[in-house]
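# Structural overview for review
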Amino acid sequence: MELLNCKDLTLGYEGKAVAEHVSFTVSEGDYLCIVGENGSGKSTLVKTLLGLQPPLSGIIEKSDVLKKAGGVIGYLPQQTPVQRDFPATVEEIVRSGFLAKSGLRPFYTRAEKQLAAEKMERLGISHLAKRCYRELSGGQQQRVLLARALLATGNLLLLDEPVAGLDPKVTGEMYELIKTLNREGVTVIMVSHDIRAVLTFATHILHVLHRTAWFGTAEEYANSDIGRAFTGGEQ
Amino acid sequence: MNSFLAVMSFSDFAAFFVYDFVWYALIVGVLIALCSSLLGVTLVLKRFSFIGDGLSHVAFGAMAVAAVAGLTNETWIVLPITVVAAVLLLRTGGNRAKLNGDASLALISVSALALGYLVYNFSGSSNLTGDVCATLFGSTKILSLTPLDVGMCIGLSVLVIGLYLLFYNKIFALTFDETFARATGVKTQAYDLLIAVVIALVIVLAMNLVGSLLITALVIFPVLCAMRVFKSFKRVVFCAAVVSVVCALAGILLSIWLETPVGCTVVAVDLCAFLGFYAVGAVRQKIVSR
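Residues numbered from 1 in each chain as written. Chains lettered and ligands numbered in written order. Predicted model: local features only at pLDDT ≥ 70, side-chain atom pairs only at ≥ 80, totals over all residues.

## Remarks on the overall build of chain B
Under the convention used in this document: In DSSP terms, a helix is any run of H or I states spanning at least four residues, a strand is any run of E spanning at least two, and both are numbered starting from the N terminus. Backbone-placed C-beta atoms define the burial measure: a residue is buried with 20 or more other C-beta atoms within 10 Å of its own, exposed with 12 or fewer, and partly exposed in between. Throughout, a pair of residues is in contact if the C-beta atoms placed from their backbones lie within 7 Å.
Tallying secondary structure elements over chain B gives 13 helices and zero strands in all. Secondary structure of chain B in N-to-C order comes out as α-α-α-α-α-α-α-α-α-α-α-α-α. The 290 residues of chain B split such that 46% are buried. In chain B, the share of contacts with a sequence separation of at least 24, taken over all contacts with a separation of at least 6, comes to 75%.

## Describing the packing of helix α12 (residues 233-258) of chain B against helix α13 (residues 262-289) of chain B
Helix-helix packing: each pair is described by the crossing angle between the helix axes and the interaxial distance. Residues and elements named next belong to chain B. Stated formally: Simply put, an axis is a line fit to the C-alpha atoms, just over the touching stretch for a helix, and the angle between two N-to-C directions goes from 0 to 180 degrees. Just so you know how the angles are binned, under 35 degrees is roughly parallel, over 145 roughly antiparallel, 65 to 115 roughly perpendicular, and the rest oblique. Handedness of a crossing is defined here by the sense of rotation of the near helix relative to the far one, left-handed for an anticlockwise turn of less than a right angle and right-handed for a clockwise turn. Each residue is assigned to one of three groups, with Ala, Val, Leu, Ile, Met, Phe, Trp, Tyr, Cys and Pro labelled nonpolar, Asp, Glu, Lys and Arg labelled charged, and all others, Gly among them, labelled polar.
Two elements in contact, α12 and α13, have axes separated by 8 Å at closest approach and are oriented at 135 degrees. Judged on the interaxial angle alone, α13 and α12 are oblique. Between α12 and α13 the crossing geometry is right-handed. Across from Val243, Cys247, Ala248, Ala250, Gly251, Ile252, Leu254 and Ser255 in α12, the residues of α13 making contact are Val262, Thr265, Val266, Val269, Asp270 and Ala273. Considered class by class, the residues forming the contact of α12 with α13 number 10 nonpolar, three polar and one charged.

## A word on the pairing of strand β6 (residues 156-160) of chain A
Residue and element names in this part refer to chain A. What counts is decided by this rule: For two strands to be treated as a pair, DSSP must find no fewer than two bridges joining them.
Burial runs high along β6: five of the five residues are buried. Across the two faces of β6 the burial is the same, with Leu156, Leu158 and Asp160 and Leu157 and Leu159 all buried. Bridge count between strand β5 (residues 74-76) and β6: three bridges; the pairing is parallel. Bridge pairing in β6 places leucine 76 opposite leucine 159. By the bridge criterion, five bridges tie β6 to strand β7 (residues 187-191) in an arrangement that is parallel. Residue pairing across strands places leucine 158 opposite isoleucine 189, the latter belonging to β7.

## Overview of the packing of helix α4 (residues 110-122) of chain A against helix α5 (residues 138-152) of chain A
All names here are of chain A. Between α4 and α5, the least distance of the axes is 10 Å, while the angle of their chain directions is 135 degrees. Relative to α5, α4 is oriented oblique. In terms of crossing hand, the pair formed by α4 and α5 is right-handed. Contacts between α4 and α5 involve Leu115, Ala116, Lys119 and Met120 from the first element and Ala147, Leu150 and Leu151 from the second. For the contact of α4 with α5, a count of residues per class yields six nonpolar, no polar and one charged.

Structure below.
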């Protein structure tokens, strides 16, 4: 079942195009990786998909399936240093994922709190619920933000460099966790620099270049010229 | 013995409480302290501490205009001007180039201060220095409130506190991660606007208590105190509110007892509280890291 269909997007700021002719689809259960060199327009694409800025041209179609689930893409942002001294417990942050769903209601319902507790359990951070976010390790922090993203979305996650700054062991665990979520039915879009992980986990790949973009399955990518050039023949 | 501390005997001090103006001052002081500390949490955490300062200077300028125009109740001119300035400042400070916002804030801040004083010179007041000093440091205003002032303050405070409780979860999410909130479909610009308006309201209120120069203290001290010791958002908000109210009460009572200007006394008490919390936080840190 198709969730997202992006047709011939031109991405950029204030009329200046960063990337052009970006077309791709995301279906339920996909693990789409977005790759490309720095400055090729990956972060602009992320912002556009999240609805933080409009595309210069082209259409992003959200399917009825996605709309029925709230139409929200669960976003795991790159870590920002702004949150460094923020006083907030893990529980407070995870629950804030419900924000858009709660409308004008000033508090969280018991059902929402229950769901938040289940997600924390699922991601192995229940024991940290009352701890302060800023005192956690990088991997734990990412799990907290992942739990929040899962509560915000029905079934579609957008992960922006989820393992940046994590040590190798934690990186491996994070990838396993994402893969497990994907197997359980969560559709994943991941922006990544880590080409080895991309080739291991992705079902589909979107390679953003300045003038154009390549989209296809992971197998097609491995056998394409652009894929071979970018991966340096790794496999 | 010490003439500084022996200003008033206790019975003289207690006698003050038969006067309405003392109670007015206490009520207004507590409400303002409560409101400003609530907002302070958001302002400090979003790195907007200085917006309070800039806005209070704008309010000073507006106050000068009101004085020259000979208005009896300045609030009606000060409030709209401050609200507009707040909206403009949060826009530039929040979204666009950070550096630019920083500089424009300083620009607006000093311009309003200078022009305000300039305008005051045309007011033809016989007590120019006194007027300006009162507006800057709020020296006597708080002890000469009318029932109307008090009523207005209660009304605005109820509004601010009500909005804060109603939108508490949203305020947390917006303060913690605005991008995420926007990505999940929250109308962040509407909330930013709301926050800007409420900040302006509180600053106009707070000018009565501490004057326009010292407002930043009311906004930042309580939350900085709370952040030294507490690590959850809820507790920080709660602690900041309590610290702010206690300091305001203590400051007002002290100022009556010692016959010192109210605003400065409140801020001095806030500073002492901060030093206290800082020490507690440092000691805790040491115990934990051992």
